[in-house]
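# Residue-level structural notes
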Amino acid sequence: NMTSSKLSDHVRNDNNTSTSLVDISADVGPSGQNSYQSESLQHPPNTIRGKTWYDVSRDLINDFRHKQMDESTSAYSSIIFYANHLVLLSLFFMISIYKNVNYLYRKMVLKFYTLTYYPNKSPQLIRDDVSKLAKIPRVISCILDLKDDDDENGGIDGLIGSISELAAWTVSAGIPHLVIYEYNGVVVENKGNLAQLNRYISKNLAAYFGTDLIPSYAIRIPHHNTVIYSSHTGKTQVNSAERDVDLEIWLLSREDGKPTIVELTKTMSELAQNNELSVNDITIDLIDEELAELVGPEPDLLISFGPSLDLQDYPPWHIRLSEIYWEPENKDVIYAVFIRALQQFSNCKVNVGK
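Residues numbered from 1 in each chain as written. Predicted model: local features only at pLDDT ≥ 70, side-chain atom pairs only at ≥ 80, totals over all residues. Heavy atoms only, no water.

## A short note on the packing of helix 5 (residues 123–131) against helix 10 (residues 335–347)
Here is the rule: Lines are fitted to the C-alpha atoms to define the axes, a helix being fitted only along its stretch in contact, and any angle between axes, read from their N-to-C directions, falls within 0 to 180 degrees. Secondary structure follows DSSP: runs of H or I at least 4 residues long count as helices, runs of E at least 2 residues long count as strands, and numbering of each begins at the N terminus. Reported orientations rely on four angle classes, namely roughly parallel under 35 degrees, roughly antiparallel over 145, roughly perpendicular from 65 to 115, and oblique for the rest. In this scheme the crossing of two helices becomes right-handed for a clockwise turn of the near helix relative to the far one and left-handed for an anticlockwise turn of less than a right angle. Here, two residues are considered to be in contact whenever any of their heavy atoms come within 4.5 Å of each other. All residues other than Ala, Val, Leu, Ile, Met, Phe, Trp, Tyr, Cys, Pro, Asp, Glu, Lys and Arg, Gly among them, are scored as polar; the first ten of these are nonpolar and the last four charged.
Orientation of helix 5 relative to helix 10, taken along the N-to-C sense of each, is 30°, at an axis distance of 10 Å. Relative to helix 10, the element helix 5 lies roughly parallel. With respect to the hand of their crossing, helix 5 and helix 10 are arranged in right-handed fashion. Across the interface between the two elements, Ile-126, Asp-129 and Val-130 of helix 5 pack against Tyr-335, Ile-339 and Leu-342 of helix 10. Of the residues contributing to the contact of helix 5 with helix 10, the split by class is five nonpolar, no polar and one charged.

See below:
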């Protein structure tokens with residue numbers, strides 16, 4: 001039988017190369033060509049350039065006769081046309097007014113929550129907000145966007161700053177696991193960005209807790225099987241022995257989603273074909289165990305810091321039972337959205353099917 005670690009290593013080695021999915025949804029015709037390919041080889045329909053002078057003259061005479069017959073009903077048609085046009089314009093303006101009023105209302109509500117819930121870099125204030133909740137998640141995940149450099153809190157520095165703030169809020173709330181998902185994985189693929197992220201998190205935690213009480217944390221990149229531990233002295237230890245920390249930060253990107261599932265499927269198929277893995281051993285529990293090893297834990301709460309719900313190819317296996325929250329018209333990583341997401345999770349009821 002294939003052990004979990006050996007199977008995960010196979011997937012990581014295979015997943016270092018880019019994964020491309022072939023589109024096989026197009027219909028195949030009897031000639032062996034795709035339908036869209038065969039259509040592209042057909043001639044375009046005939047136009048007026050393919051007609052004779054007799055056909056053109058006959059069409060002009062028929063148009064003239066129809067125009068004479070329609071003069072009697074032209075006034076009635078014009079009234080119907082403008083009436084329908086007026087109704088459509090009225091509906092358009094009503095919907096526009098409603099959407100603009102709704103947009104202003106949401107912006108005002110979001111501004112009110114921003115002023116009401118403000119951590120002020122104080123863990124005690126965050127604990128006071130969380131202590132009122134009936135329950136909190138053990139694993140929280142956040143979808144972040146890499147903004148343009150010209151935008152506020154944009155670029156790599158803005159993204160790293162947002163992650164460090166989320167780390168401080170999460171550990172202050174007593175949540176032990178934080179999963180950060182960024183589609184492009186710019187922080188994960190660059191060692192310099194990882195070192196900068198580690199410095200930002202340590203500096204921000206020192207601002208919240210003081211230099212003598214900095215919580216311990218670990219930055220995990222499951223796709224590369226890398227763990228970075230931070231000590232109180234500011235130095236980092238990479239891939240050291242497993243030890244308990246106050247906060248685990250998991251960094252995910254697009255390649256941890258569907259491509260990883262594809263590579264895991266290919267690996268299990270190849271091992272089963274080579275009689276290195278029994279077909280009877282391929283179960284839901286095995287897949288769940290392998291994806292937890294390759295991607296990380298399944299979040300209890302998923303927060304999208306965007307104006308609309310966009311999962312951005314988030315690993316689909318990991319959000320089967322996750323509570324999802326986003327705030328309309330919001331574009332920034334702010335504490336008000338974070339604490340309101342925790343409030344919604346506190347009031348939700350998760351029904352697990354059998």
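That was the structure; now back to the text.
## Concerning the UniProt feature "transmembrane region" (unreviewed entry) in the protein chain
Here is the rule we go by: UniProt positions are given in the numbering used here, feature names are shortened, and annotations may be inferred rather than shown by experiment.
The feature "transmembrane region" (unreviewed entry), as given by UniProt, occupies residues 79–98 in the numbering adopted here. Structurally, residues 79–98 comprises 100% helix and 0% strand, and the distance from its first C-alpha atom to its last is 29 Å.

## Notes on the confidence of the model for the protein chain
Quick note on the threshold: On a range of 0 to 100, pLDDT expresses the predictor's confidence in each residue.
Across the protein chain, the average pLDDT comes to 80, with 74% of residues at 70 or higher. Scored below 50 in pLDDT, residues 17–49 shows 14 contacts in the model against residues more than four places distant or in partner chains.

## A word on the packing of helix 6 (residues 155–172) against helix 7 (residues 191–209)
Remark: helix 6 packs on helix 7, axes separated minimally by 9 Å, with the N-to-C direction vectors making an angle of 45°. With respect to their mutual orientation, helix 6 and helix 7 come out oblique. By crossing handedness, the relation of helix 6 to helix 7 is classed as right-handed. In this structure, helix 6 contributes Ile-156, Asp-157, Ile-160, Gly-161, Ile-163, Ser-164, Glu-165, Ala-167, Ala-168, Trp-169, Val-171 and Ser-172 to the contact, and helix 7 contributes Asn-193, Gln-196, Leu-197, Tyr-200, Ile-201, Asn-204, Leu-205, Tyr-208 and Phe-209. Looking at the contact of helix 6 with helix 7, its residues break down into 13 nonpolar, six polar and two charged.

## Considering the pairing of strand 3 (residues 217–221)
Filter applied, for reference: Buried residues are those whose accessible area, probed at 1.4 Å on protein chains only, stays under 20% of the maximum for their type, while exposed residues exceed 50% and partly exposed ones sit between those limits. By the convention used here, strands pair only if DSSP detects at least 2 bridges between them.
Of all the five residues making up strand 3, five are buried; the element is thus mostly covered by neighbouring parts of the structure. Bridge count between strand 3 and strand 4 (residues 226–230): five bridges; the pairing is antiparallel. Pairing of Ile-219 across the sheet is with Ile-228, part of strand 4. Where strand 3 folds back on strand 4, the antiparallel hairpin that results is connected by four residues, among which Asn-225 adopts a positive phi of roughly 55°. In this sheet, strand 6 (residues 247–252) lies alongside strand 3 in parallel orientation, the contact comprising four bridges. Considered in strand 6, the bridge of Tyr-217 is made with Leu-247.

## Thoughts on the packing of aromatic side chains
Note the cut-off: Whether two aromatic rings pair depends on their centres lying within 6.5 Å, for rings of Phe, Tyr and Trp, where Trp uses its six-membered ring; planes under 30 degrees apart make the pair stacked, over 60 edge-to-face, and the rest tilted.
Applying the stated criterion across every chain, the model contains seven aromatic pairs. For the pair Phe-112 and Tyr-113, a centre-to-centre distance of 5.9 Å together with 55° between the ring planes defines the contact as tilted. Since its relative accessible area comes to 52%, Phe-112 is described here as exposed. Geometrically, the ring pair formed by Trp-169 and Tyr-335 is edge-to-face, given 5.6 Å between the ring centres and 70° between the ring planes.

## Looking at the pattern of salt bridges
Where charged atoms from two side chains of opposite charge approach closely, those side chains can pair. Which entries qualify depends on this criterion: The term salt bridge refers to a side-chain nitrogen of Lys or Arg lying within 4 Å of a carboxyl oxygen of Asp or Glu.
Evaluated as defined, the whole model comprises eight salt bridges. With a closest N to O distance of 3.7 Å, Glu-329 and Arg-106 form a salt bridge. Separated by 223 residues along the polypeptide, Glu-329 in the loop between strand 8 (323–326) and helix 10 and Arg-106 in helix 4 (residues 74–116) bring together distant segments of the chain. The partly exposed category is assigned to Arg-106, whose relative accessible area is 32%. The residue Arg-220 makes a salt bridge to Glu-248 at a minimum N-O spacing of 3.1 Å. Residue Arg-220 is located in strand 3, and its partner Glu-248 is located in strand 6; the two are separated by 28 residues in the primary sequence. Assigned by exposure class, Arg-220 and Glu-248 land together as buried. Taken together, the shared-partner salt bridges connect Asp-288, Glu-298 and Arg-320 into one network.

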